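# Reading the structure
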Amino acid sequence: MTTRSVTVNGNCSYRRTGHDPESAVLRLARLTGREREVLLLLGTGLGNRELARELGIAERTVKAHIANIVEKIGQRTRTQAAIVSALAHDALCADRACTRHRMTEPAPEQRIRAA
Ligand SMILES: [Zn+2]
């Protein structure tokens, strides 16, 4: 039985492509409160129509928000931004009842300040 490496050619994909979504987490402070709200929701994987319904705004406004967010956090696509969202959930989510927060961590508003 052979053991396959989980990396391609032994090189980490993040190292090979030079794209590490963790680096974008540091840029979240550039976003407005509304943009952080949109980014958190983007992490759920919903499409623009569903995002518009959830946020109570027009689909074209959702597209504009996402374009701004992608640019501000130094990404190229909404998928990359969604990955950043999932990585940064604890910093983006202000819902104290959210079960994804760990009890020992400081409240989200203490870690990320509005732009
Ligand atoms: Zn949450």
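Above: the structure in question.
Residues numbered from 1 in each chain as written. Predicted model: local features only at pLDDT ≥ 70, side-chain atom pairs only at ≥ 80, totals over all residues.

### Structural notes on the environment of Ile73
Along the polypeptide, Ile73 turns up in the loop between helix H5 (59–72) and helix H6 (78–87). Looking at Ile73, the number of C-beta atoms within 10 Å reads 24, which means it is buried. C-alpha of Ile73 to C-alpha of Ala29: the two residues are 44 residues apart in sequence and 9.1 Å apart in space. Sequence-distant contacts of Ile73, that is, excluding residues within four places in its chain, are made with Ala24, Arg27, Leu28, Arg30, Ala81 and Val84. (Helix = DSSP H or I, 4+ residues; strand = E, 2+ residues; numbered from the N terminus. Buried ≥ 20, exposed ≤ 12 C-beta atoms within 10 Å, placed from the backbone. Contact = placed C-beta atoms within 7 Å.)

### Overview of the packing of helix H3 (residues 33–42) against H5
Following both chains from N to C, one finds H3 and H5 inclined at 95°, their axes separated by 10 Å at the closest point. As judged from the angle between their axes, H3 and H5 are roughly perpendicular. For the pair H3 and H5, the contacting residues are Glu35, Val38, Leu39 and Leu42 in the first and His65, Ile66, Asn68 and Ile69 in the second. Its residues assigned to classes, the contact of H3 with H5 comprises 5 nonpolar, 2 polar and 1 charged. (Axes fitted to C-alpha atoms, helices over the stretch in contact; angles between N-to-C directions. Parallel < 35°, antiparallel > 145°, perpendicular 65-115°, else oblique. Nonpolar A, V, L, I, M, F, W, Y, C, P; charged D, E, K, R; others polar.)

### As for H3
Of all the residues in H3, the buried ones are Glu35, Arg36, Val38, Leu39, Leu40 and Leu42. As for H3, its buried residues are in contact with helix H4 (48–55), H5, H6 and helix H7 (89–92).

### Let's talk about the nonpolar core
Residues Leu39, Leu42, Ile66, Ile69, Ile73 and Ala81 are the most contacted members of the largest nonpolar core, which totals 18 residues. Breaking this core down by element, the ones donating at least two residues are H3, H5 and H6. When sequence neighbours within four positions are dropped, the list of residues in contact with Leu39 reads Leu31, Ile69, Ala81, Ser85 and Leu92. (Core = buried A, V, L, I, M, F, W, Y, C linked by C-beta atoms within 7 Å.)

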